[in-house]
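Structure assessment
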Amino acid sequence: TEAPKVVPMPVADNRFTVNITAHKRGVVRMSIYSISGSKVADCGSYDLSEGANNITMNVPLAKGQYILSIDGEGMHESVNIIHL
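Just so we're clear, the structure is a prediction, and the values are computed from it rather than from any experiment.

As a further point, take the sheet that holds strand β6 (residues 64–72). Reading across the sheet, the four strands line up as β4-β3-β6-β7 and stay open at both edges, with antiparallel pairing between neighbours. Each edge of the sheet is formed by a strand with only one pairing partner; in this case those strands are β4 (39–48) and β7 (75–83). Neighbour-to-neighbour, the strand axes of the sheet open up by a mean angle of 20 degrees, direction not taken into account. As judged from the nine bridges shared by β6 and β7, these two strands associate in the antiparallel manner. Its bridge partner lying in β7, Gln65 is registered against Ile82.

A surface patch of nonpolar side chains, about 260 Å² in accessible area, is lined by Met9, Ile82 and Leu84. By secondary structure assignment, the location of Leu84 is in the segment after β7.

Moving on: unusual backbone geometry. Of note, the amide linkage connecting Val7 to Pro8 takes the cis form, showing an omega dihedral of -5 degrees. Note on placement: Pro8 falls in the loop between β1 (5–7) and β2 (15–22). Cis geometry is found at the peptide bond from Met9 to Pro10, where omega equals 5 degrees.

On to the sheet that holds strand β5 (residues 51–58), then. Taken in spatial order, the three strands of this open sheet run β1-β2-β5, and their pairing is antiparallel. A single partner strand is all that each edge strand has here, and the edge strands are β1 and β5. The mean angle between the axes of side-by-side strands here comes to 25 degrees, regardless of whether they run parallel or antiparallel. As defined by bridge partners, β2 adjoins β5 across eight bridges and the pair is classed as antiparallel. By the bridge assignment, Asn19 is partnered in β5 with Asn54.

On to the pairing of β2, then. Bridging between β1 and β2 involves three bridges; their strand directions are antiparallel. Pairing of Lys5 across the sheet is with Asn19, part of β2.

What counts as what
- Residues numbered from 1 in each chain as written.
- Predicted model: local features only at pLDDT ≥ 70, side-chain atom pairs only at ≥ 80, totals over all residues.
- Heavy atoms only, no water.
- Pairing = 2+ DSSP bridges.
- Helix = DSSP H or I, 4+ residues; strand = E, 2+ residues; numbered from the N terminus.
- Axes fitted to C-alpha atoms, helices over the stretch in contact; angles between N-to-C directions.
- Patch = residues over 30% accessible without salt bridge, like charges linked within 9 Å, V, L, I, M, F, W, Y side chains within 5 Å.
- Areas by Shrake-Rupley, 256 points an atom, 1.4 Å probe, with all protein chains shown as cover.
- Salt bridge = Lys/Arg side-chain N within 4 Å of Asp/Glu carboxyl O.

Shown next, in the form of structure tokens:
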């Protein structure tokens, strides 16, 4: 299984793409948390098709390190984000 990726990394502005490989069709919900565990952004729900998915987001973040949480049917993944 290929882990989700955020590109570009580090993120230099508010726009980035999440690359996710799904084993089956389904809906995932994405949220961004600070390192201390506080939710800083609710990024919404996305329909994934089986295979490769690329989701572009525009989320205003202050400089720092964050965790992107991806939750859905049979999927729970976390990806570190560094925002410059």
